[in-house]
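So the chains spell out like this:
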Amino acid sequence: MTTEVPILSTHGLCTGYGDFQALFSVDFEVMRGEVVALIGANGAGKSTLLKTIMGLLPSNREMVRHAGVSVGGSAPYQMVQKGFAMVPEGRRLFAGMTVEDNLLVALDHGRRNGTTTWTMQRVLDLFPALASMRKRLVEKMSGGQQQMVAIGRALLSQPEVLLCDEISLGLAPKVISEIYDSLPAITKAGTAVILVEQDVSRALAASNRLYCILEGRITLSGDSADVSREDVARAYFGANHAVA
Ligand SMILES: Nc1ncnc2c1ncn2[C@@H]1O[C@H](COP(=O)(O)OP(=O)(O)OP(=O)(O)O)[C@@H](O)[C@H]1O
């Protein structure tokens, strides 16, 4: 019997900002092609975990593994070349550039394994709303359209793992649905997705598994179909918080 090696795993991951420790011994794993939700309140450490995986915050080599190989502490561009791409909170598109140019940037700086799963056409098929806007400056687009560009840009770096930081923040429900509806096509292409999400119901519905984080520590992990709302509420707010 073979045991599948996670495409991404963290092992006793600790990190912080100067003297402030933000994450405490976080064990987290993602298998190929699955959607893993990471939920928790404001300030719990969700963005910090994504940034540490991407090499934007320090970690020891053994604390982050890519397909079983220790990669912690690699520079962000090296993580992109290994197959990790982040859709950052707030999108961080290149203002003054068109949709097409924002997308093309990623084609030149992506994973170096010779395969091109994601093409410009495939991104436009995923988000048809962008097709007629290729030449538009990104700052002239709605928040939802910008989020689609941000996801498309990340996909064009050909990731094995797509790290999404609050992609629904500030968007209208209809647009959020459109964006979440794109997830099955992304995982079908073999890309695993980490979803940082504050909306617990949406996170549970969209993911195969979930982790809950509270004050820098993982307080719950499991199959999304199996965890109860009470368990999630306890893990999300802490044991002393009354469950509604
Ligand atoms: N640049 C920074 N300098 C110092 N402390 C920071 C910095 N960024 C985040 N923190 C702190 O680290 C902890 C985790 O923050 P983080 O942004 O990871 O939380 P989060 O779960 O992503 O929350 P949010 O949903 O508000 O983004 C918080 O206590 C936060 O105040």
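Details of the structure are given in the entry above.
A few points on the structure. Remember, it's a predicted structure, so these values are computed and weren't measured experimentally.

## Brief notes about unusual backbone geometry
Okay, step 1: Of note in the backbone geometry, Ala67 takes a positive phi value of approximately 50° without being a glycine.
Okay, step 2: Structurally, Ala67 can be placed in the loop between strand E4 (64-66) and strand E5 (69-70).
Okay, step 3: By relative accessible area, Ala67 is classed as partly exposed at 34%.
Okay, step 4: Positive phi outside glycine occurs at Glu166, with the angle close to 50°.
Okay, step 5: For Glu166, the position within the fold is in the loop between strand E7 (161-165) and helix H6 (173-181).
Okay, step 6: A relative accessible area of 9% means that Glu166 is categorised as buried.

## Section: the site of the ligand
Okay, step 1: Residues in close proximity to the ligand total 14 residues, the closest being Gly43, Gly45, Lys46, Ser47 and Thr48.
Okay, step 2: At a separation of 3.4 Å, a nitrogen atom of the ligand approaches a polar side-chain atom of Tyr17.
Okay, step 3: The separation between an oxygen atom of the ligand and a polar main-chain atom of Gly45 is 2.9 Å.
Okay, step 4: For the ligand, whose free accessible area comes to 620 Å², the fraction covered by protein is 61%.
Okay, step 5: Mapped by element, the contributors of at least two residues to the shell around the ligand are strand E2 (20-30) and helix H1 (46-53).
Okay, step 6: The leading source of residues in the shell around the ligand is H1, at three residues.
Okay, step 7: Here the shell around the ligand is composed, by residue class, of five nonpolar, six polar and three charged.

## Observations regarding the sheet that holds E5
Okay, step 1: In space, the four strands of this open sheet follow the order E2-E1-E4-E5, with antiparallel pairing throughout. Pairing within the sheet leaves two strands with one partner each, and these edge strands are E2 and E5.
Okay, step 2: Bridge analysis of strand E1 (residues 8-17) against E4 gives three bridges, and the strand direction is antiparallel. In the strand pairing of E4, Thr10 is matched with Val64.
Okay, step 3: Contacting E1 and E2, H1 runs over the sheet at an angle of about 110° to E1.

## Topic: the environment of Leu183
Okay, step 1: Structurally, Leu183 can be placed in helix H7 (residues 183-188).
Okay, step 2: Taking the C-alpha atoms as reference points, Leu183 and Ala206, 23 residues apart in sequence, are found 8.1 Å from one another.
Okay, step 3: When residues no more than four places from it in sequence are discounted, the contact partners of Leu183 are Val193, Leu195 and Ala206.

## What to know about the pattern of salt bridges
Okay, step 1: Here the structure, examined in full by the defined rule, presents seven salt bridges.
Okay, step 2: A salt bridge links Glu34 to Arg209; the shortest N-O distance between them is 2.7 Å. Taken together, the residues span a long stretch of sequence, with Glu34 in the loop between E2 and strand E3 (35-39) and Arg209 in strand E9 (residues 209-214) at a distance of 175 residues. As far as the burial class goes, Glu34 and Arg209 line up, both buried.

## Some points on the side chain of Ser74
Okay, step 1: If you trace the backbone, Ser74 turns up in the loop between E5 and helix H2 (76-82).
Okay, step 2: A polar atom in the side chain of Ser74 sits 2.6 Å from the backbone oxygen of Val71.

## Looking at the packing of aromatic side chains
Okay, step 1: Applying the stated rule across the entire model yields two aromatic pairs.
Okay, step 2: Measuring from ring centre to ring centre gives 4.5 Å for Phe28 and Tyr211, while their planes differ by 45°; the resulting arrangement is tilted. Of this pair, Phe28 sits in strand E2 while Tyr211 sits in strand E9, placing them 183 residues apart in sequence.
Okay, step 3: Using a relative accessible area of 4% as the deciding quantity, one classes Tyr211 as buried.
Okay, step 4: Directly above the aromatic system of Trp118 lies the positively charged group of Arg122, at a separation of 4.7 Å from the ring centroid.
Okay, step 5: Sitting over the face of the ring of Phe24, Arg217 holds its NZ or CZ atom 4.0 Å from the ring centroid.

Conventions and cut-offs
Residues numbered from 1 in each chain as written. Predicted model: local features only at pLDDT ≥ 70, side-chain atom pairs only at ≥ 80, totals over all residues. Heavy atoms only, no water. Helix = DSSP H or I, 4+ residues; strand = E, 2+ residues; numbered from the N terminus. Buried < 20%, exposed > 50% of the residue type's maximum accessible area, 1.4 Å probe, protein only. Near = heavy atom within 4 Å. Polar contact = N/O pair within 3.5 Å; in protein donor to acceptor, adjacent residues only side chain to side chain. Areas by Shrake-Rupley, 256 points an atom, 1.4 Å probe, with all protein chains shown as cover. Nonpolar A, V, L, I, M, F, W, Y, C, P; charged D, E, K, R; others polar. Pairing = 2+ DSSP bridges. Contact = heavy atoms within 4.5 Å. Axes fitted to C-alpha atoms, helices over the stretch in contact; angles between N-to-C directions. Salt bridge = Lys/Arg side-chain N within 4 Å of Asp/Glu carboxyl O. Phe/Tyr/Trp six-rings, centres within 6.5 Å; stacked < 30°, edge-to-face > 60°. Lys NZ or Arg CZ within 6 Å of the ring centre and 35° of its normal.

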